[in-house]
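# Breakdown of the fold
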Amino acid sequence: MAQHANDSYYVPHSTKWPIIGSVGMALMMGSAAYWVNESSVAPWTFLAGALVLIYMMFGWFGEVIRESESGMYNSQVDTSFRMGMLWFIASEVMFFAAFFGALFYARVLAVPWLGGEGAGAFTNEILWQGYDAVWPTAGPEDLGGPFAVVPAFGVPFVNTLILLTSGLTVTLAHHALKKDDRTKLIGWLLATVALGFIFVALQIEEYIVAYQHLGLTLGSGIYGSTFFMLTGFHGMHVSLGAIMLAVIAIRAMRGHFKPEHHFGFEAVAWYWHFVDVVWLGLFIFVYVY
Amino acid sequence: MSMETTLSHDTPAHDDHHHDKPRGLARWLYTTNHKDIGTLYLVFSLLMFFIGGSMAMIIRAELFMPGLQLVEPEFFNQMTTMHALIMVFGAVMPAWVGFANWMLPMMIGAPDMALPRMNNWSFWILPFAFTMLLSTLFMDSGGPAAGWTLYPPLSLQGGQSFAFVVFAVHMMGISSIMGSINVIATILNLRAPGMTLLRMPLFVWTWLITAFLLIMVMPVLAGAVTMLLTDHFFGTSFFNAAGGGDPVMFQHIFWFFGHPEVYIMILPAFGVVSEIIPTFARKPLFGYSAMVYATASIAFLSFIVWAHHMFTVGMPLTGALFFMYATMLIAVPTGVKVFNWVSTMWKGSMTFETPMLFAIAFVVLFTIGGLSGLMLAIASVDLQYHDTYFVVAHFHYVLVPGSVFALMAGAYYWLPKWTGHMYSETWGKIHFWVSAISVNILFFPQHYLGLAGMPRRIPDYSTQFADFNMISSIGGFIFGASQLIFVGVIVHCVYKSRQKATAQVWEGAKGLEWTLPSPAPYHTFDTPPVIDETTIAHAHSRH
Ligand code: HEM
Ligand SMILES: [Cu+2]
């Protein structure tokens, strides 16, 4: 198996990008901490940190892309990249699992207990007599005031169709790439990017409606918390994925990728499928059920 | 399978190895070399060990006598919290990543780690993260003071510093995840031909499984602290019952991370000890494959025992029973390990160089920690032990003469390979004996304190606990001071020692890393090594 893979070990040069990334990240995280503590300069230093990080990504990925395009990577390097991406996605799955876990815990255990079920009999009796534990809820003290939920079969359903379609278009792009049909590749990629951004736009619209008309906010008790944190983190991932897809589309226009060798494309496609699957979980457990 | 292989940098030729090795600070900032990065990790973790250790000294000094002597209670709480965060995330975890960097490529016949640039980044996030964490001590609100477990609602009452702690933890998590991805890709993808999975040294196996644990649980910790952050600053109600949340939920999420986390700190220790004991017993490891399966079983079980930290919080009887039995089940694979270490030594021709002394002390003292863990696993009696010094004694037995002793054993074992020089055996032995005796003076009395009811995380205590606390503190000071010997031995070995190390270093050593010259060359294997019975560490096993 390893005959081809091992015939030339690749070890890169020393690199300045990681330390630049660390400076950017530290600036960003430190500023975020000052920001939540209401410092007025922090948003700007945060932005500066973000710009440093973006500069780092351009530099770092640019270097990798140049090396890749000039054929310096053998199949072993390719496999390392693939493993790296897959395990990165695994870690992302676990990040979402924590928030899904919080949702299930609240719905199955915490809220019924507050309503006096099982172990919670005394909490209910002593603190919140008469609290009727039904989902959705903003808790026994109705934090954030009354609210209505976003109906599943409106914008969210449309968004589901959009994301599913985008999963299809990215696959079509992949098939086109394998057949070396550049026009179709770029066309389907652009369609995917467009669908991604439409999804994000609709999601923003949904948030505006939630805040302005439904009374549903991040502060709407446990429902608002789980709703906005799950959909919010998902939305951030979609945005990131759409940006990455756009980069891939630009690279495709510049003639990057070969039918038999296009890890960058595949990595982003995997990522896209991952946000797709997370959305299905969201649609079912946050909106429908 | 035979093949000619070259190590290529930008050009396929490898005649100019030095061109990518800048000098001075730039070398360390920009390096993609696994040995440089390993050294960075190890030096960083040693520094953190002393910073966290100084905090422990402050705690033990305050506890030397009853009454409030030296520090304010608020500061005391900051010290216990910071001590733990620094020891766990800054000392022990990075130290193991340092070992992984140095040893994994050498042990599996790889040229370097699989993703060398990311490797650099994994390390260089840490100094920033810990600067941020430590800076909280100088803020108006002081550092975090709710314990390293960060339980709400208490942790949410911390001031300004809380956000810094959360973001520092995020950075540590990002670093750990990238480090683990690198470890997995290296082990699964860069093994030399013939280095089949069941021929890998145990240290490689234990790190593979550790990396898997890290990838599964660090993001969960990130989720947990993010929820704390939004509860604190953005009005969410994850842990607020008034809004339908539940503070106990935090404990579930935290310990879903937290229990695997303790195995993250101990599995590589199992690996190192499994390398050292065969060398100095001059016998192959007893039950190699059983060791692999035991490690995997422990890792699996570590995901389903978390609520043993929560027996006193209240849970349904079936829950308590489940978590109790699942926890006790871990004793089975762990027992397999201890049995196999002892059987490896059985009828071996043993010698007792410093690494072996630390390894044997590890087996004995870790087992004590494991047994007190079994006691804590019994739900009904944990109601008595929980949050007492019995717990402090338990986890320090597994962490200090456990993880930390294994780190020291590994450091002494591989120092000659790293530096090309022998360390001073006399001073190594002195370091061992002073540490081994003082660590027991330090932590053994805490078992009795706990059983007698002394709570943990308090700056003061009633007078009946005075004697044992004083003994414990004296042990603590000696243990703390004796670690300076360790630094002395290392500095001497690196800069002064004249005694050249051979390639094999130890008479009984087996495995790929010992086929390399000492010090190991900057780039490990230019060509994939031949893997046969003489170069695999566990040659007796049938494959
Ligand atoms: C020099 C050796 C050490 C000494 C003298 C020491 C001492 C202490 C003391 C006195 C406490 C406070 C107990 C309390 O008041 O509740 C403590 C807590 C703790 N230590 Fe250590 N320790 C040492 C090494 C370590 C190491 C190496 C680790 C981890 C790898 C560690 C992990 C912890 C943890 C997790 C806590 C719990 C903190 C909390 O309650 O939140 N310690 N230690
Ligand atoms: Cu545990």
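Definitions and limits used
- What you see as residue numbers is a count from 1 along each chain, following the sequence as written.
- Working convention: letters from A go to chains and numbers from 1 go to ligands, in the order in which they are written.
- The predicted origin of the model limits local features to residues at a pLDDT of at least 70 and limits the giving and counting of side-chain atom pairs to 80 or more, whereas totals for whole chains, interfaces and linings rest on all residues.
- Runs of E in the DSSP output that reach at least two residues are strands. Runs of H or I that reach at least four are helices, and both are numbered from the N terminus.
- Given a helix with a known number of residues, its expected span is that number minus one, times 1.5 Å.
- Here the bend at each residue means the angle between axes fitted to two seven-residue stretches, the one ending at that residue and the one beginning there.
- Whether a residue is buried, exposed or partly exposed follows from its count of other C-beta atoms within 10 Å of its own C-beta, namely 20 or more, 12 or fewer, or something in between, respectively; the C-beta atoms are built from the backbone.
- Domain boundaries shown here were taken from an automatic or database domain assignment.
- Here contacts are defined at the residue level, using C-beta atoms placed from the backbone and a cut-off of 7 Å between them.
- When residue character is reported, Ala, Val, Leu, Ile, Met, Phe, Trp, Tyr, Cys and Pro are called nonpolar, Asp, Glu, Lys and Arg charged, and the others, Gly included, polar.
- Connectivity within a nonpolar core runs through C-beta atoms within 7 Å, and the core itself is a set of buried Ala, Val, Leu, Ile, Met, Phe, Trp, Tyr and Cys residues.
- Any residue whose C-beta atom, as placed from the backbone, lies within 6 Å of a molecule or strand is termed near it.
- Per residue, pLDDT measures the predictor's confidence, with a range of 0 to 100.

Attention now goes to helix α6 (residues 202-233) of chain B. Residues and elements named next belong to chain B. Between the first and last C-alpha of α6 there are 45 Å, a value that for 32 residues agrees with the 46 Å anticipated at 1.5 Å per step. Considering bend angle alone, the principal kink of α6 is centred on Ile 215 and spans about 25°; proline Pro 219 follows within four residues of it. Along α6, 30 of the 32 residues are buried, which leaves the element largely enclosed by surrounding structure. At the exit of α6 stands Gly 235, carrying a positive phi of roughly 75°.

A word on helix α3 (residues 73-108) of chain B. Residues and elements named next belong to chain B. For α3, with 36 residues, the first-to-last C-alpha span of 50 Å sits near the 52 Å given by 1.5 Å per residue. The largest bend along α3 measures about 35° and falls at Met 87. With respect to burial, α3 is a largely interior element, 32 of its 36 residues being buried. The positive-phi residue at the C-terminal boundary of α3 is Gly 109, with phi of around 75°.

For chain A, the assigned domains are domain 1 (1-73) and domain 2 (74-288). A C-alpha centroid distance of 25 Å is found between domain 1 of chain A and domain 2 of chain A.

Moving on, we come to the interface of chain A and chain B. Residue-level contacts link 61 residues of chain A with 67 residues of chain B. Examining the composition of the side of chain A that touches chain B, we find that 22 residues originate from one element, helix α4 (residues 75-114) of chain A, more than from any other. Along the lines of polarity and charge, the residues of the side of chain A that touches chain B split into 36 nonpolar, 21 polar and four charged.

Below, the discussion takes up the nonpolar core. Soluble globular proteins tend to bury their nonpolar side chains together. Membership of the largest hydrophobic core comes to 253 residues, with the highest contact counts inside it found for B:Ala224, B:Val273, B:Phe362 and B:Ala409. Split by domain, the residues of this core number at least three in each of domain 1 (1-73) and domain 2 (74-288) of chain A. Non-local contacts of B:Ala409, meaning those with residues more than four positions away in its chain, are made with B:Val272, B:Val273, B:Ile276, B:Pro355, B:Phe358, B:Ala359 and B:Phe362.

Residues and elements named next belong to chain B. The environment of ligand 1 is formed by 26 residues, the closest being Ala 56, Ala 84, Met 87, Gly 147 and Arg 456. Going through the elements one at a time, α2 (34-62), α3, α13 (389-419) and α15 (466-496) are the ones with two or more residues in the shell around ligand 1. With seven residues, α3 is the largest single contributor of residues to the shell around ligand 1. When grouped by side-chain class, the residues that make up the shell around ligand 1 number 13 nonpolar, 10 polar and three charged.

Glancing now at the confidence of the model for chain B. Confidence in the prediction of chain B, expressed as mean pLDDT, is 93, and 95% of residues score 70 or more. Counted against residues more than four places away or in other chains, residues 1-19 of chain B, with its pLDDT under 50, gives 36 contacts.

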